[in-house]
Amino acid sequence: MTAPTLPALRPLTLGPHQVWPPVVLAPMAGITNVGFRRLCREQGGGIYVCEMITTRALVERNPKTLRMIAFGAEEQPRSLQLYGTDPEITAAAVRIVVERDLADHIDLNFGCPVPKVTRRGGGSALPWRRRLFARLVKAAVAAASPAGVPVTVKMRKGIDDDHLTYVEAGLAAQDAGVAAVALHGRTAAQRYSGTADWDAIATLKAALDVPVLGNGDIWEADDALRMVAHTGVDGVVIGRGCLGRPWLFADLEAAFNGRPERRLPSLGEVAVTMRRHAELLVDQFVAGARNPARGERDGCTDFRKHVAWYLKGFPIGGELRRSLAMIESLAQLDDLLAELDPTVPFPVENLGQPRGRTNSPGKVFLPDGWLASRDDDTPPEGAELDDSGG
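Source: prediction; values computed, not measured.

On strand E10 (residues 212–215), burial covers both faces: Val212 and Gly214 on one face and Leu213 and Asn215 on the other are all buried. Here strand E9 (residues 180–184) runs beside E10; their pairing, made up of four bridges, is parallel. Bridging across to E10, Ala182 finds its partner in Leu213. You can see the chain leave E9, run along helix H8 (residues 198–207) and come back into E10, and the turn it takes is right-handed. Bridge count for E10 against strand E11 (residues 235–238) is three bridges, and the pairing is parallel. In the sheet register, Gly214 faces E11, and the bridge partner there is Val236. Read from E10 through helix H9 (residues 221–231) to E11, the crossover connection turns out right-handed.

Turning our eyes to something else, we now look at unusual backbone geometry. Of the consecutive residues Trp20 and Pro21, the connecting peptide bond is found in the cis state with omega at -5 degrees. With respect to the helices and strands, the residue Pro21 is situated in the loop between strand E2 (17–19) and strand E3 (23–25). Going from Gln76 to Pro77, the amide bond is cis rather than trans, its omega being -5 degrees. Note that Pro77 resides in the loop between helix H3 (63–68) and strand E6 (79–83). A positive phi angle, near 60 degrees, is found at Arg61, a position not held by glycine. Among the residues examined, Arg61 registers a relative accessible area of 42% and is labelled partly exposed.

This paragraph deals with the pairing of E9. The element E9 is largely enclosed, with a buried count of five among its five residues. Going residue by residue along E9, you find Ala180, Ala182 and His184 tucked away on one face and Val181 and Leu183 tucked away on the opposite face as well. Bridging between strand E8 (residues 151–156) and E9 involves five bridges; their strand directions are parallel. By the bridge assignment for E9, Thr152 is matched with Ala180. Of the crossover connections in this fold, the one passing from E8 over helix H7 (residues 166–176) to the parallel E9 is right-handed.

Mapping Leu213 onto the fold places it in strand E10. Leaving out residues up to four positions away in the same chain, Leu213 has contacts with Leu12, Val24, Val181, Ala182, Leu183, Val233, Asp234, Gly235, Val236 and Val237.

Turning to the UniProt feature "domain: DUS-like FMN-binding" (unreviewed entry) in the protein chain, a few remarks are in order. Under the UniProt annotation, the feature "domain: DUS-like FMN-binding" (unreviewed entry) is placed at residues 25–334. Note that residues 25–334 is 47% helix and 11% strand, and that its end C-alpha atoms are spaced 28 Å apart.

The next subject is H7. Taken residue by residue, H7 has Tyr166, Ala169, Gly170, Ala172, Ala173, Gln174 and Ala176 as its buried positions. Of the surrounding secondary structure, the elements contacted by the buried residues of H7 are helix H6 (130–144), E8, E9 and H8. In the stretch just after H7, Gly177 is the one whose phi turns positive, near 105 degrees.

On to the sheet that holds strand E5 (residues 53–54), then. The strand order E4-E3-E11-E10-E9-E8-E7-E6-E5 describes an open sheet built from nine strands, whose pairing is parallel. Among the strands making up the open sheet, the edge pair consists of strand E4 (47–48) and E5.

So, on to the packing of aromatic side chains. Under the counting rule described, the total for this entry stands at six aromatic pairs. When the ring of Tyr48 is compared with that of Phe249, the centres are 5.2 Å apart and the planes differ by 65 degrees; the resulting orientation is edge-to-face. Remark: Phe249 occurs in helix H10 (residues 248–256) and Tyr48 occurs in strand E4; sequence separation between them is 201 residues. The burial state of Tyr48 is the same as that of Phe249; both residues are buried. On the numbers, 6.4 Å between centres and 85 degrees between planes, the contact of Trp247 with Phe346 is edge-to-face. Here Phe346 lies in the segment after helix H14 (330–337) and Trp247 lies in the loop between E11 and H10, a separation of 99 residues in the sequence. With relative accessibility at 11%, the residue Phe346 sits in the buried group.

A cluster of nonpolar side chains, Leu264, Val348 and Leu351, forms an exposed patch at the surface whose accessible area comes to about 230 Å². Here Leu264 is to be found in the loop between H10 and helix H11 (267–287). Residue classification places Leu264 among the partly exposed residues on the basis of a relative accessible area of 45%.

On to the packing of H11 against helix H12 (residues 292–311). Close contact between H11 and H12 brings their axes to 8 Å; oriented N to C, the two are set at 145 degrees. Every pair of crossing elements has a handedness; the one defined by H11 and H12 is right-handed. When H11 is examined against H12, the residues Leu267, Val270, Thr273, Met274, His277, Ala278, Leu281, Val282, Phe285 and Val286 are found in contact with a partner set consisting of Pro292, Gly295, Glu296, Asp298, Gly299, Cys300, Asp302, Phe303, His306, Val307, Tyr310 and Leu311. When its residues are assigned to classes, the contact of H11 with H12 shows 14 nonpolar, five polar and three charged.

Take H14 next. Those residues of H14 that fall on the buried side of the exposure criterion are Leu330, Leu333, Leu336 and Leu337. The arc that holds the buried residues of H14, viewed along the axis, is 120 degrees, so those residues lie on one side.

Criteria and cut-off values
- Residues numbered from 1 in each chain as written.
- Predicted model: local features only at pLDDT ≥ 70, side-chain atom pairs only at ≥ 80, totals over all residues.
- Heavy atoms only, no water.
- Buried < 20%, exposed > 50% of the residue type's maximum accessible area, 1.4 Å probe, protein only.
- Helix = DSSP H or I, 4+ residues; strand = E, 2+ residues; numbered from the N terminus.
- Pairing = 2+ DSSP bridges.
- Right-handed = clockwise from strand over helix to strand, strands pointing away.
- Contact = heavy atoms within 4.5 Å.
- UniProt positions renumbered as here; feature names shortened; annotations may be inferred.
- Phe/Tyr/Trp six-rings, centres within 6.5 Å; stacked < 30°, edge-to-face > 60°.
- Patch = residues over 30% accessible without salt bridge, like charges linked within 9 Å, V, L, I, M, F, W, Y side chains within 5 Å.
- Areas by Shrake-Rupley, 256 points an atom, 1.4 Å probe, with all protein chains shown as cover.
- Salt bridge = Lys/Arg side-chain N within 4 Å of Asp/Glu carboxyl O.
- Axes fitted to C-alpha atoms, helices over the stretch in contact; angles between N-to-C directions.
- Left-handed = near helix turned anticlockwise from the far one by under 90°.
- Nonpolar A, V, L, I, M, F, W, Y, C, P; charged D, E, K, R; others polar.
- Arc of directions from axis to C-beta.

Have a look at this one:
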């Protein structure tokens, strides 16, 4: 396949931060914790966003939320995503981030499509209320700018094909002073189904002066190059494509630096990565636990969800897969990984295939009367979630 012709690429500029390669790890609930982010950073450069933090939980000093705002010493810049629906609460949360030096970059979530969020008017539903959206983004930027902390927004195309908001919202965010806008090329109604609309990403890029990041259907590093060539975006956002494949960030670094090498790890190499991932999670959980044994068990439990992603496509028996997905200690993991044949090659037939969450299009649940008025800037009642993580 002929390599795509790329526009001149520069580091992604987020306020005082220069990010190269221009790659962002999307926040994913239960995934992008300290251990996973470190594993990905060991593969290649970029900016790695922690799990979503809700503004109300932060303002109320929710213990779980405060524990989630954790970064490794090597993480620069420290990137935090906030979910909020009330401009005043959002501004208060941003001030806490700034005053307590909790992060170096803040991203605002307007892309979440899950019903528990949209039925309250949050996430991907909120940009439809354009005045509320503008107020909220302006409040966040105003609270962050005195400290030089850049604010970005991540959003979807709109609620559905009849209620698209992305260009209008992108322009409003730019007017509010954001450092960049990221667009997932799907509507809320699409959820994670179908194909991402890269033409919409190109349209947004053409409409804005601030950097635009593209998200959706980047399964391989060459997909990122194709997206940049097709849309002209200033960088890419990686979500499900890296699940069970943290080495994707090594491929992305090579691709953006014009190098052809791509990793196709054998099963033995995958096993080494799995062990490293589990070890990092155990370190994270032990550090936050009173009982080290409990911390190791919790770290191994957290790792279980990743097993199927790592082993996708490899010829491994069901019993061994089930055992790996039930580990309670690193010693148990070591014993089971030793049963794998390290010489088995990477299943190349899985390249370019969707990973992680997939589902069908569905109805977007919204508050009563939500679509009736675009100019109502009243924060939706009950939309401020009191727990973080999505």
